[in-house]
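Here are the chains, one letter per residue:
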Amino acid sequence: MKSFLAFCLVLGVTAASAHGPLPMLPRARSDLVRVGLTDSDTTAGGTARLCEQVTFSRGLRYAESEANVLDVAASATKADTPRPVLLFVAGDTFTGDRAAPELSRQIQDQAMCFAARNDMIGVRVNYRLAPSAAWPMGATDVAAALSWVHGNIDLFNGDAREIVAVGYGAGAFHVATLLAHPEFQTDRADVAAVVLVSGIYRAGKDASDSEKAYLGTDPSQYNKRSVFPGILNVDVPIVLAWAADDSAGIVAQGETLKKTLCGAGHCPRSALLRSRDGIASAFGLDGSGDSLAEPTLLLVHQLEARGLP
């Protein structure tokens, strides 16, 4: 799975992240459930190098389904102050991509370790998949995961007031759907900024089999199940990106969303990524330049500069 690209989208968020009063820090919950490993294990190669001094807490239950688990990555050295949180919601398709689960984990671990090594907390959200979990379960799972983060991230020295939700592919639709449909928003499911990459935001009659598995086979329902017009009311920074090798349909989805948001006076920053391939290239770790590390850290500094209420 190429979900690390969702992380790339953070490069466009600007100081526009000031969006009203910040919520009070939540009280830590006492029902933290670890259903998987708590470890600092990493795979060989680049991931192991990047994940040095990073501790993983894996398989933390945030809702009732066996699929409702998340992982948290943090630096082994605790910072003096609570750290911003990057919450990754990934998925190539609505039905998932289990062709190479270990490769998928390595890619996502790299993004999380980049966050942890730069004084942030990385959170990876697993959620229920179609066809057994149809619309709007992806969005409601994201809401539940965010509520969990608000209630527990301080246990990992994370700051719930500085959550950036990063959606890639199907994950971008789930994040956008949650923002666009207030009826799915639970208590303490707010975010400081949103980044969306290579997503679909309104399906059409030419919907793919994966989209139909999640949204249903009746095209007359697609407009109601899209992110429009609710996304126009969102008051947090929205950043859009897609890759040069994305399909024409994915590119058109991003361009349409950008144009619509700009027309509503909430114009997002957008970025065209050169390729979906290579985490080393994406973060300049291979010496190719064009590193996303600096703009990502700039985003974090901008969030922190908002100050306390």
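Before any of the text, the structure's been laid out above.
To keep things clear, this report deals only with the structure shown in the data block. (Residues numbered from 1 in each chain as written. Predicted model: local features only at pLDDT ≥ 70, side-chain atom pairs only at ≥ 80, totals over all residues. Heavy atoms only, no water.)

A look at unusual backbone geometry
Cis geometry marks the peptide bond from A130 to P131, where omega comes out at 5°. Mapped onto the elements, P131 comes out in the loop between β6 (121-125) and α4 (137-152). At the junction of W135 and P136, the peptide bond is cis and its omega measures out at 5° in the coordinates. Looking at the secondary structure, you find P136 in the loop between β6 and α4. Positioned with a positive phi, D119 is a non-glycine residue whose angle comes to about 65°. D119 sits in the partly exposed class, given a relative accessible area of 45%. (Helix = DSSP H or I, 4+ residues; strand = E, 2+ residues; numbered from the N terminus. Buried < 20%, exposed > 50% of the residue type's maximum accessible area, 1.4 Å probe, protein only.)

Some thoughts on the side chain of N157
Inspection of the secondary structure puts N157 in the loop between α4 and β7 (158-168). Polar contacts involving the side chain of N157 include one to the main-chain carbonyl oxygen of A79, which spans 3.3 Å. In this structure the side chain of N157 is engaged in a polar contact, spanning 3.3 Å, whose partner is the backbone oxygen of T81. The residues touching N157, leaving out its near neighbours within four places in the chain, are K78, A79, T81, P82, R83 and I121. (Polar contact = N/O pair within 3.5 Å; in protein donor to acceptor, adjacent residues only side chain to side chain. Contact = heavy atoms within 4.5 Å.)

Some points on the environment of Y62
Along the chain, the position of Y62 falls in the loop between β3 (54-61) and β4 (69-75). Assessed through its relative accessible area of 7%, Y62 is described here as buried. On a C-alpha basis, the gap between Y62 and Y127 in space is 9.9 Å, while along the polypeptide they are 65 residues apart. Excluding residues that lie within four positions of it along the chain, Y62 makes contacts with N68, V69, L70, V125, N126, Y127, D141, A144, A145 and W148.

Description of the nonpolar core
V72, V123, I153, L196, Y201 and I231 are the most contacted members of the largest nonpolar core, which has 60 residues in total. A total of eight residues in this core trace back to one element, the largest contributor, which is helix α5 (residues 170-180). Look past the residues within four positions of Y201 in its chain and what remains in contact with it is A172, F173, A176, L196, S226, V227, F228, L240, Q253, G254 and L257. Listed in part, the 20 residues of the second largest apolar core include M112, V164, V166 and L303. (Core = buried A, V, L, I, M, F, W, Y, C linked by side-chain atoms within 4.5 Å.)

Regarding the pairing of β3
Burial of β3 is extensive: six of the eight residues sit out of reach of the surface. Bridging between β3 and β4 involves six bridges; their strand directions are antiparallel. The residue bridging T55 from the neighbouring strand is A74, located in β4. (Pairing = 2+ DSSP bridges.)

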